[in-house]
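Residue-level structural notes
Next come the chains, spelled out residue by residue.
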Amino acid sequence: QVTVTKNPVFKLIEADVTANKMDLIIQVIDTFKVIDGDLNISVTNMKTATTVYTDTVAGDSASITVSTAMGLLEPDTNYIVSIVGNYHDEEISYERQYFQRVFKTETLGIKLTKDFASTESLSFLVTMDEKTYVSSFDLELWRINDNKLISEFISISKLDVNLILG
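So, here's what we can say about the structure. Residue positions are given per chain, counting from 1 as you read along its sequence in written order. Per-residue local features of the predicted model are confined to residues with pLDDT of at least 70, and side-chain atom pairs are confined, for both listing and counting, to 80 or more; whole-chain, interface and lining totals are unaffected and use all residues. The side-chain numbers reported here are obtained from all heavy atoms of the structure, hydrogens and water having been left aside.

**Looking at the sheet that holds strand 7 (residues 92-104)**
Strand pairing is assigned whenever DSSP identifies at least 2 bridges connecting the two strands. Only runs of H or I of at least four residues qualify as helices and only runs of E of at least two qualify as strands under DSSP, and these elements are numbered from the N terminus. Reading across the sheet, the 4 strands line up as 4-3-6-7 and stay open at both edges, with antiparallel pairing between neighbours. At either margin of the open sheet sits one strand with a lone partner, and together these are strand 4 (50-57) and strand 7. Taken pair by pair, the neighbouring strands of this sheet meet at an average axis angle of 20 degrees, ignoring direction. With 9 bridges joining them, strand 3 (residues 35-45) and strand 6 (residues 78-89) adopt antiparallel strand pairing. Every axis in this analysis is a line fitted to C-alpha atoms, fitted for helices over the stretch in contact. Angles between the N-to-C directions lie between 0 and 180 degrees.

So this is what it looks like as structure tokens:
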């Protein structure tokens, strides 16, 4: 006797994951029409267990697009993408997870290392990977002057190599 599985197929067609954004296209093949109702999509930060993105799509969708907003995701972090919905086949009906996959965001490609520090100055070595999307960033430094906390912003671009603050 041959057993025919009626499970729908969820196939990842495209994945574009950067340091702070994710775009996915998932094909849904439900030949036996066992998906009952809507499908719930979630993207969860695995480090904090925080759900950062949710969406609901019709269960009869031929494809699902997951597109997070720019800046929603943290760099160099694992995220789990889940698609959950109801399964219904004749007399059996239950909620099930149809798709689950872990994606890791890229690093920002910026490394800031303290070179030396004295009472008068700080020296940092700034390294930016060639592949980084970041062309410049602001560094905020705090210092105490006359018992007041003062912040200072320093703009750094790819052209900067060594920063000395005094």
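After that view, the rundown keeps rolling.
**Brief notes about the side chain of T68**
Positionally, T68 belongs in the loop between strand 5 (63-67) and strand 6. Distance and chemistry together define a polar contact, namely a pair of N or O atoms within 3.5 Å, with one atom able to donate a hydrogen and the other to accept it when in protein, and with adjacent residues in sequence counting only for side-chain atoms on both sides. In terms of polar contacts, T68 uses its side chain to reach the backbone amide nitrogen of M22, at 2.9 Å.

**A few points about the nonpolar core**
Side-chain atoms within 4.5 Å are what join buried Ala, Val, Leu, Ile, Met, Phe, Trp, Tyr and Cys residues into a set we call a nonpolar core. For every residue, the accessible area (1.4 Å probe, protein chains only) is compared with the maximum for its type, and the residue is labelled buried under 20%, exposed over 50%, or partly exposed between those bounds. Grouped together as the largest cluster of nonpolar side chains are 23 residues, with contacts concentrated most on F10, M22, L39, V43, I64 and I83. At the level of elements, strand 1 (9-17), strand 2 (22-29), strand 3, strand 4, strand 5, strand 6 and strand 7 are the ones that each hand at least two residues to this core. The contact criterion used throughout is that any non-hydrogen atoms of two residues lie within 4.5 Å. Not counting chain neighbours up to four residues away, the residues in contact with L39 comprise F10, D55, T56, V57, A58, G59, I64, I83, V84, G85 and Y98. One finds M128, L139, L141 and I154 within the second-largest nonpolar core, a separate group that totals 9 residues.

**Overview of the side chain of T77**
For T77, the position within the fold is in the loop between strand 5 and strand 6. A polar atom in the side chain of T77 sits 3.4 Å from the backbone oxygen of E74. Only 2.8 Å separates the side chain of T77 from the backbone oxygen of P75, close enough to count as a polar contact. Not counting residues within four places of it along the chain, the set of residues in contact with T77 comprises N45, K47, F103, K104 and T105.

**Quick word on the sheet that holds strand 2**
Reading across from one edge, 1-2-5 is the order of the 3 strands in this open sheet, with antiparallel pairing throughout. In this open sheet, the two edge strands, each paired with only one partner strand, are strand 1 and strand 5. Strand-to-strand twist of the sheet, defined as the mean angle between neighbouring strand axes without regard to direction, takes the value 15 degrees.

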